[in-house]
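Here's the letter readout for the chains.
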Amino acid sequence: MQIMAHIKTGDGIVLLLGTLFTAWLSATLWQGGVADKAIIRQGGKIFSAVPLSRNQIISVPGPLGISQITIHNLQARIASDPSLRQYCVRQGWLKQAGEIAVCLPNQVSVELSGSNKRYDSLNY
Amino acid sequence: MTVLTTNNQDRGSRIEDRAGSVAPHLVRPSILDPRSSILLHPSAEDHHIARMAALALGLSVLEAAIPSPLPGVKPGLANIVTLIVLARYGWRTAAWVSLLRIVAGGLLLGSFLTPGFFLSLSGALCSLLVLGISQHLPQRWFGPVSHSILAAFAHIAGQLLLVYLWLIPHVGLLYLVPVFAVAALIFGTVNGLIAAHFLDENKIYHRDTETQREAIT
C-alpha cells in the first residue's frame, strides 16, 4: 500500500514500458530463429541438406557404421549411432536454428539452420 | 632502531614545541602563506556536494561487498543518493555527486582507470544525460521511480556500448542484454522507490518542523 503511494501514473507507465521493452529484448535476442533446414555433414563435407517440412529417416554411413537421422515435425535428431558414448543421440531433438548435434567417432553432424544464418565467421 | 627513531621523533616534537611556544608566528604563517601554497575556498555548496558524494561513496563501498552473480549486475545503491540530490538540488549538483563518487570510489576500491572504472563512468554519463532530459517530465505524473528506471536503462546501455566498442567487439554480447535489462528494471524500480520514500519522509519532516516552528512562535 505504501509502495503504491510512491508510484505515480507516469511511473506506472514507465514501469510498464520498461517491462515490455525487456520482454521484447529477450524475445528477439534469445530466440534462435525458426529452423527450416537440416544440414547433415559427414567427414566435414556436406552429405545432404534436407528441409524439415518433410518427415523422413536418413541413413548416413561413417567409418564406424551407419548413423540414422530422424526428421519429424520440424525437428531433427540422431536416432541411432554406432559411437561408444552416444552423446549425440542423448542430445535429443534439435528445434531451433543454430542447434547442432555432433557424433565425433562416426564423423557425422546435424545442424539446423534458418533462412538467415545468425553466426558469422568470428564465432568459429 | 625503533628506540632511536622514537628518540628522534621526541626530539623533533620537542623542538617543534619549543618553536611553537617561543615564536608561533614564525612557524604558522609559512603554512598558510598564499604565495607558497594554493588555497581553495570551498563554498557551502561545495561542502554539501562533498557530503552527499561521501554518502554515495559509502553506499558503493557497502555494495562492493555484496556478491554479484554476473559482473556488472549490481543494485547501484549509490544512485539513490543521486536521485535524491537531483530531486532536491537539481541536475548540476547530481552530476557532481555522481561523478565525484565514481572517481573517489575508483580510488578507494582500487579500480581507478581500470576497465571497470571506465564502465561505471560511461554508465553514469549516459544516466546523467537521460536524467537531464527526464527531469523535465511533468512532476505531477513522473516521480523518482521513472527517473530511476530510465537512468538504469541508460546506464546499462552506456556500459554495453563501451563493452562492445572497446572490450568485447562481438555480437555474442547481445545474449547478455536481456539479463542486464531485467536487472536494470528491478534495481531501477527498487532504487526509485527507496529514493521516493526518503524524499517523502523529508517532506513530512520539513512540514513537521515548520508546524513546530509555527507553534513555537
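Described below are features of the structure shown in this document. (Residues numbered from 1 in each chain as written. Chains lettered and ligands numbered in written order. Predicted model: local features only at pLDDT ≥ 70, side-chain atom pairs only at ≥ 80, totals over all residues. Heavy atoms only, no water.)

## Here we look at the overall build of chain B
Then, in step 1: Helices and strands together make up the secondary structure of chain B, namely 8 helices and 0 strands.
Then, in step 2: For chain B, the α and β elements follow one another from N to C terminus as α-α-α-α-α-α-α-α.
Then, in step 3: Relative to its full complement of 217 residues, chain B shows a buried share of 34%.
Then, in step 4: For chain B, the computed accessible surface area is about 13600 Å², with 68% contributed by carbon and sulfur atoms. (Helix = DSSP H or I, 4+ residues; strand = E, 2+ residues; numbered from the N terminus. Buried < 20%, exposed > 50% of the residue type's maximum accessible area, 1.4 Å probe, protein only. Areas by Shrake-Rupley, 256 points an atom, 1.4 Å probe, with all protein chains shown as cover.)

## Observations regarding the packing of aromatic side chains
Then, in step 1: Enumeration over the complete set of coordinates arrives at 5 aromatic pairs over all chains.
Then, in step 2: Look at Phe21(A) and Trp24(A): their rings are 6.2 Å apart centre to centre, the planes differ by 25°, and that puts the pair in the stacked class. Here Phe21(A) and its partner Trp24(A) are both found in helix α2 (residues 9-30), 3 residues apart, which amounts to about one turn of the helix.
Then, in step 3: By relative accessible area, which is 39% here, Phe21(A) ends up partly exposed.
Then, in step 4: Joined through ring pairs, the aromatic side chains of Phe112(B), Phe117(B), Phe118(B) and Trp166(B) make up one cluster. (Phe/Tyr/Trp six-rings, centres within 6.5 Å; stacked < 30°, edge-to-face > 60°.)

## Re the sheet that holds strand β7 (residues 108-114) of chain A
Residues and elements named next belong to chain A.
Then, in step 1: Across the sheet, 4 strands lie side by side as β2-β1-β7-β6; this open sheet has antiparallel pairing. Two strands in the sheet have a free side with no partner beyond their single neighbour: β2 (45-51) and β6 (100-103). Going from strand to strand, the sheet's axes swing by 20° on average, the running direction of each strand aside.
Then, in step 2: Pairing of strand β1 (residues 35-42) with β7, which is carried by 7 bridges, proceeds in the antiparallel orientation. Within β7, the residue paired with Ala38 across the bridge is Leu112. (Pairing = 2+ DSSP bridges. Axes fitted to C-alpha atoms, helices over the stretch in contact; angles between N-to-C directions.)

## A closer look at the interface of chain A and chain B
Then, in step 1: Taken together, the contact between chain A and chain B spans 23 residues of the former and 26 residues of the latter.
Then, in step 2: Between chain A and chain B, the buried area comes to about 2000 Å², and carbon and sulfur atoms account for 71% of it.
Then, in step 3: Counting across the interface, chain A meets chain B through 0 salt bridges.
Then, in step 4: Looking at the side of chain A that touches chain B, the elements that each hand over two or more residues are α1 (2-6) and α2 of chain A.
Then, in step 5: Looking at side-chain class alone, the side of chain A that touches chain B contains 10 nonpolar, 9 polar and 4 charged residues. (Contact = heavy atoms within 4.5 Å. Buried area = accessible area lost by both parts, 1.4 Å probe. Salt bridge = Lys/Arg side-chain N within 4 Å of Asp/Glu carboxyl O. Nonpolar A, V, L, I, M, F, W, Y, C, P; charged D, E, K, R; others polar.)

## Focus on the sheet that holds strand β3 (residues 56-61) of chain A
Residues and elements named next belong to chain A.
Then, in step 1: As summarised here, the arrangement of the 3 strands in space is β3-β4-β5, forming an open sheet in which the pairing is antiparallel. Edge positions in the sheet fall to β3 and β5 (75-80), since each of these pairs with one other strand and no more. The average undirected angle you get between the axes of adjacent strands in this sheet is 25°.
Then, in step 2: Pairing between strand β4 (residues 66-72) and β5: 5 bridges, direction antiparallel.

## Focus on the pairing of β2(A)
Residues and elements named next belong to chain A.
Then, in step 1: Sheet topology places β1 next to β2; 6 bridges connect them, and they run antiparallel. Looking at the pairing, Arg41 lines up with Ile46 of β2.
Then, in step 2: Hairpin remark: β1 followed by β2, antiparallel, with 2 residues in the connecting loop; positive phi at Gly43, about 60°.

## Some details on the packing of α2(A) against helix α7 (residues 144-167) of chain B
Then, in step 1: At a minimum axis distance of 8 Å, the contact between α2(A) and α7(B) shows a crossing angle of 25°. Relative to α7(B), the element α2(A) lies roughly parallel. As α2(A) packs across α7(B), the resulting crossing turns out to be left-handed. In this structure, α2(A) uses Gly10(A), Asp11(A), Val14(A), Leu15(A), Gly18(A), Phe21(A) and Thr22(A) to contact α7(B), whose residues at the interface are Val145(B), Ser146(B), Ile149(B), Leu150(B) and Phe153(B).
Then, in step 2: Each residue belonging to the contact of α2(A) with α7(B) can be placed in one class, and the counts come to 7 nonpolar, 4 polar and 1 charged. (Parallel < 35°, antiparallel > 145°, perpendicular 65-115°, else oblique. Left-handed = near helix turned anticlockwise from the far one by under 90°.)

## Brief notes about the environment of His155(B)
Then, in step 1: Tracing the chain through its elements places His155(B) in helix α7.
Then, in step 2: Those residues within four positions of His155(B) in sequence are excluded, and the remaining contacts are Ser120(B), Gly123(B), Ala124(B) and Ser127(B).

## Some words on the side chain of Thr82(B)
Then, in step 1: Structurally, Thr82(B) is set in helix α4 (residues 78-89).
Then, in step 2: The contacts of Thr82(B), once residues within four sequence positions are left out, are Ala94(B) and Ser98(B).

## Let's talk about unusual backbone geometry
Residues and elements named next belong to chain A.
Then, in step 1: Even without glycine at this site, Asn73 takes up a positive phi of about 55°.
Then, in step 2: Within the element layout of this structure, Asn73 appears in the loop between β4 and β5.
Then, in step 3: The phi torsion at Gln86 lies on the positive side, around 60°, for a residue other than glycine.

## Remarks on the state of the cysteines
Among covalent bonds in proteins, the disulfide is the one between the sulfur atoms of two cysteines.
Residues and elements named next belong to chain A.
Then, in step 1: Evaluated as defined, the whole model comprises 1 disulfide over all chains.
Then, in step 2: Here Cys88 connects covalently by a disulfide to Cys103, the sulfurs 1.8 Å from one another. Classification of the bridge connecting Cys88 and Cys103 rests on its S-S torsion, roughly 100°, and on that basis the disulfide is right-handed. Taken together, the residues Cys88 in helix α3 (residues 87-90) and Cys103 in strand β6 connect sequence positions 15 residues apart.
Then, in step 3: With relative accessibility at 2%, the residue Cys103 sits in the buried group. (Disulfide = S-S within 2.5 Å.)

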